[in-house]
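Below are the chains, spelled out letter by letter.
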Amino acid sequence: MSEPAGRKVTKLLSAKLPHDDTGATLMRFDDIRGQRYTEIFLIGGHAIIHDINAGIYNTIGLNDPGGTGDTTPQAVLDQVEVDALTRQYDVLGAFKNGPRLWCLDWAEVMVGKERDFMGLKARWVMWLDVPKEFRKHQSVAYKMITGKRDTQFGINKGSPAFILDDPDGNSWVMKSVSLIVDPNQAYESLKDLGSRLQSPPGWKFRTWCSGRTWCLRQTTVPRISLKTSWETRTTGVGGPYSNYKP
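Reference entry: report on the structure contained in this document. Small disclaimer: the values here were computed from a predicted structure and weren't measured.

**A word on the pairing of strand β8 (residues 120–129)**
Here β8 lies mainly inside the structure; 7 of its 10 residues are buried. Where strand β4 (residues 51–58) lies against β8, 6 bridges are found, and the strand directions are antiparallel. Note on β8: the bridge partner recorded for A54 is L128. Linking two consecutive strands that pair antiparallel, namely strand β7 (residues 114–117) and β8, is a turn of 2 residues; a positive phi of about 55° is found at M118 within it.

**Section: the nonpolar core**
One finds A54, I56, L128, I155, V173 and W214 to be the most contacted residues of the largest nonpolar core, which totals 26 residues. For this core, the elements supplying multiple residues, two or more each, are β3 (36–46), β4, β6 (106–111), β8, β9 (143–155), β10 (160–165) and β13 (214–227). I56 has contacts with E39, I40, F41, R123, W124, V125, M126 and L128, leaving out every residue within four places of it along the chain. Residues Y57, L77, V91 and A122 belong to the second largest nonpolar core, which totals 14 residues.

**Focus: empty space enclosed by the protein**
Scanning the entire structure with this criterion turns up 1 cavity of 30 Å³ or more. There is about 40 Å³ of room inside the largest cavity. Looking at the lining of the largest cavity, the elements with two or more residues in it are β6 and β9. Taken together, the residues of the lining of the largest cavity break down into 6 nonpolar, 1 polar and 1 charged.

Rules behind the numbers
- Residues numbered from 1 in each chain as written.
- Predicted model: local features only at pLDDT ≥ 70, side-chain atom pairs only at ≥ 80, totals over all residues.
- Heavy atoms only, no water.
- Buried < 20%, exposed > 50% of the residue type's maximum accessible area, 1.4 Å probe, protein only.
- Helix = DSSP H or I, 4+ residues; strand = E, 2+ residues; numbered from the N terminus.
- Pairing = 2+ DSSP bridges.
- Core = buried A, V, L, I, M, F, W, Y, C linked by side-chain atoms within 4.5 Å.
- Contact = heavy atoms within 4.5 Å.
- 1 Å grid on protein atoms, 1.4 Å probe; cavity = no way out; pocket = protein on both sides within 12 Å on 5 of 7 lines; lining within 4 Å.
- Points joined across faces, edges and corners; volume = space filled by probe spheres on them.
- Nonpolar A, V, L, I, M, F, W, Y, C, P; charged D, E, K, R; others polar.

As C-alpha cells, this is what we get:
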C-alpha cells in the first residue's frame, strides 16, 4: 500500500536523528597524527524552519585490525553510498566527510553508539548545526560553524601546530586536512601550506612548535572550515578553549 501524500511530504521536510549520544563514554586515542579517518554525517531537523543539524560519526580507532593507522580503508569507504544511507536511516541526507588526516597527536572524545555504515564502522562523536551554505552546496570557507561536543585534542611538546590567525586576533589550530579534493595531499607538505592559501585579507598562516603539551577543548565552540584544493578543520585557541595561546 502506498503512503499518504501528506506523510511523504513530512519525510521530505523533517527527520529525527537517532539518539546515539545516549550513554556516551570517554575514550582516548593516542598517536593519531597523520592517521586517516572519515566522518559520516546523518542530517535531520526541520527544513521549513531551517533548523538543520547532523549527527557526526567518526571512524577513529575502528576498521584497522592490522594497526596500520588507516581507520577508513579506501575500498571500504568507496562502497558507502550516501543515498542508501539516507533511505536506511530515514533522514534528510547523509554525507561522507573523508578521508582526512589528523594533524594532532591525541584526542579524548565522548563517544556514543557505534554503527556500521555499509561496512565502515564509526561512532557518534558530536552534533553539528548545519550552515545554510552547506545545505545549498556553497562554500563555507573561512566561516564559523558551530559544533556541540565534549572533546579534548592534544599537541605534544615539540610537535608542530598549524595555525591560522584571523583579522580579529583569534587563532585557529588545524585539526585535520582533507583528501577529498586532492587524494595525494600529504601530511609532510602542510608546513608549506601558507604559500598555497588564497585567504581573505587579514588572515595569516603559520607553523609553530610547542614547548609544552598543548590541550585544546571543544564544547559548544565555533570552528573554521577552509576549502580550496584542500580542506582543514580548525578549533579556536585561548580563553576557555585551550591551556594557553601561542
